[in-house]
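Topology and contacts: notes
Given next are the chains, with one letter for each unit.
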Amino acid sequence: MVAVIKVSSSINRILNYNENKVTQQKAVCLGGNNFPGEAADLSFTARLNYFTRRMELNTNTKRNSLHISLNFDTSEKGLGDEKMAQIAHAYMKELGFGEQPYLLYRHHDAGHPHLHLVTTNILADGKRIDLHHLGIRKSEPARKKLEESFGLVRAEDRKNKKALPEKILRPANYGKVETRAAIQNVLDAVLDRYKYTSLHELNAVLGIYNVRAERGGEGSRMERHKGLQYRILDDTSQPVGVPVKASLFYSRPTLQRLEGKFVRNRITGKGQTLPIKNSIDLLETTKKAAGFTDVEQALAKEGITLVTRRNSEGFIYGLTYVDHKTGVVCNGSSLGKPYSAKGMQERFPLSGTSDETRLSSMGLKDRRLNKIADDLSLRDPEGSASGIIREIAGVLDKLVAVERAPEYVSKHYTRKRKKRKRRGPLD
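The structure contained in this document is the topic of the report that follows. (Residues numbered from 1 in each chain as written. Predicted model: local features only at pLDDT ≥ 70, side-chain atom pairs only at ≥ 80, totals over all residues. Heavy atoms only, no water.)

We now examine the nonpolar core. By size, the foremost hydrophobic cluster in this structure holds 30 residues, and its most contacted members are L206, Y230 and L258. Looking at this core, the elements that each hand over two or more residues are α6 (179–190), α7 (199–208), β6 (211–214), β7 (229–233), β8 (239–245) and α9 (255–268). Every residue in contact with Y230, bar those within four places of it in the chain, is listed here: I183, L187, L206, V211, R212, A213, P243, V244, A246, F249, P253 and L258. By size, the runner-up hydrophobic cluster in this structure holds 24 residues, among which are A85, L95, L104 and L117. (Core = buried A, V, L, I, M, F, W, Y, C linked by side-chain atoms within 4.5 Å. Buried < 20%, exposed > 50% of the residue type's maximum accessible area, 1.4 Å probe, protein only. Helix = DSSP H or I, 4+ residues; strand = E, 2+ residues; numbered from the N terminus. Contact = heavy atoms within 4.5 Å.)

Let us now look at the packing of helix α10 (residues 274–285) against helix α11 (residues 292–301). Axis separation between α10 and α11 bottoms out at 11 Å; the angle between their running directions is 130 degrees. Between α10 and α11, the angle is such that the two are oblique. Both α10 and α11 take part in a crossing whose hand is right-handed. Two secondary-structure elements touch here, α10 through S279, I280 and L283 and α11 through V295, A298 and L299. The class makeup of the residues in the contact of α10 with α11 is 5 nonpolar, 1 polar and no charged. (Axes fitted to C-alpha atoms, helices over the stretch in contact; angles between N-to-C directions. Parallel < 35°, antiparallel > 145°, perpendicular 65-115°, else oblique. Left-handed = near helix turned anticlockwise from the far one by under 90°. Nonpolar A, V, L, I, M, F, W, Y, C, P; charged D, E, K, R; others polar.)

The 5 strands are arranged β1-β3-β5-β4-β2 in an open sheet whose pairing can be described as antiparallel. The sheet is open, and its two edges are formed by β1 (2–8) and β2 (27–33), each paired on a single side. With strand direction ignored, the average angle separating the axes of adjacent strands in the sheet is 20 degrees. Sheet topology note: the β2/strand β4 (residues 102–107) ladder contains 6 bridges and is antiparallel. Note on β4: the bridge partner recorded for V28 is R106. Running over the sheet, helix α2 (residues 44–55) touches β2, β3 (65–71), β4 and β5 (114–120) and is turned about 45 degrees from β5. (Pairing = 2+ DSSP bridges.)

Read across the sheet, 3 strands follow the order β9-β10-β11 without closing on themselves; strand pairing throughout is antiparallel. The strands lining the two open edges of the sheet, one partner per strand, are β9 (304–310) and β11 (329–331). Recorded for the sheet is a direction-independent mean angle of 20 degrees between the axes of neighbouring strands. Of the pairings in the sheet, the one linking β9 to strand β10 (residues 316–323) comprises 7 bridges and is antiparallel in character. Paired with L306 across the two strands is Y321, which belongs to β10. Those strands touched by α7 are β9, β10 and β11, and its axis lies near 120 degrees from that of β11.

This part takes up helix α4 (residues 134–149). Counted at 1.5 Å a residue, the expected span for α4 with its 16 residues is 22 Å, and the 21 Å between its end C-alpha atoms agrees. Within the sequence span of α4, burial applies to L134, S139, A142, R143, L146 and E147. G151 sits one or two positions beyond α4 and adopts a positive phi of about 65 degrees. (Expected span 1.5 Å × (residues − 1).)

In this section: helix α3 (residues 81–95). With 15 residues, α3 extends 21 Å between its outermost C-alpha atoms, agreeing within 8% with the 21 Å of an ideal straight helix rising 1.5 Å per residue. Among the residues of α3, M84, A85, I87, A88, Y91, M92 and L95 are the ones counted as buried. For α3, the arc enclosing every buried residue in end-on projection is 160 degrees, short of the 170-degree limit, so these residues lie on one face. The exposed residues of α3 that point more than 90 degrees off its buried face are E82 and K93. Elements that come into contact with the buried residues of α3 comprise β1, β3, β4, β5 and α4. A positive backbone phi angle near 95 degrees is found at G96, which sits one or two residues after α3. (Arc of directions from axis to C-beta.)

Their axes nearest at 10 Å, the elements helix α1 (residues 11–23) and α2 cross at an angle of 155 degrees. In this view, α1 runs roughly antiparallel relative to α2, as classed from their interaxial angle. The two elements α1 and α2 meet at a crossing, and its hand is right-handed. Residues I11, N12, L15, N16 and E19 of α1 form the contact with α2, whose own contacting residues are F44, R47, L48, F51 and M55. Grouping the amino acids of the contact of α1 with α2 by side-chain chemistry returns 6 nonpolar, 2 polar and 2 charged.

The structure is reproduced here in structure tokens:
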């Protein structure tokens, strides 16, 4: 079992998220604790008002809401609603929230059984439960105890398996699912799992699942106020649909919060890049990769995605490595010159890859010329467009070139107007 705790300042967003899942028939409310009457029978407004009144007892505490998910292994058998509720109640008691009001929601929108809990840390007397290092102090011991008492698959056993974690997250597909829900699913799976240290590195991971975070144009109001929005990408990595502001998601993945993660990830992810470097060095030593595409395919088998950045002419100018096993995300230049875009292309030449990659490394004009040469079957011995094709292209460029002539403006609008002499009152 794996427990994930997220602290928030908005019980409304957390409750709305789970209630929307119920409305979409992707979740069911299994009840709750310490509510007046049966929590499952209460309306959304009644549940929200009960939480709100409790929080009004302590207005000094801003981060007063908790969203907890209990995730179970896909091999777990016999996890019915009743047993799940028993596990949740036992977990909340061990966590120190046994007397708190909380709601239980079982979700059916993922490939593994999981449960969501919504609660507050404000006590009935107005005091608050300390949330500092709650995961280390209370949650981890509780998880291990419950795994033993309920006979659950231990999280350590899953971590020690050499096989890659089962991929249950699918890329966002515009039009298939409501935009905000599709982006939220990706954010839930990425934000806490991967160790990115910048917005660029985060986008390298989000891009794998067709999502991108944007700060707005240079000098725009959004950029000046450190705003952030998220968009779905199509198959060509172009944004589609309407962007969604970060503040509209229940987890509030704003730039301010992400910057805090950047700092923490620089510490937790430090020193975990060695597996990436070892995998690349082994490919070069064993000669298992003849070209750049071979490296991409070989690293993918090791659970490492190589994200390339290309300019308009197809040249690779940047690399980002995403290790799905360790969660480490890093730019090639940060690993050292041999692992940068230039270093990797020198070690694993593009010429050794497929024709598609070779063409993408050419200039845009050369690619167009070679396309003409292919159509006319005119290539020189070196495989480039022959001289006659280049001459034809040069003539065509001159014929279609537009010469900018000076715009004609009538003299009526360009001649200087004489100033009229102002007359005084005695004139």
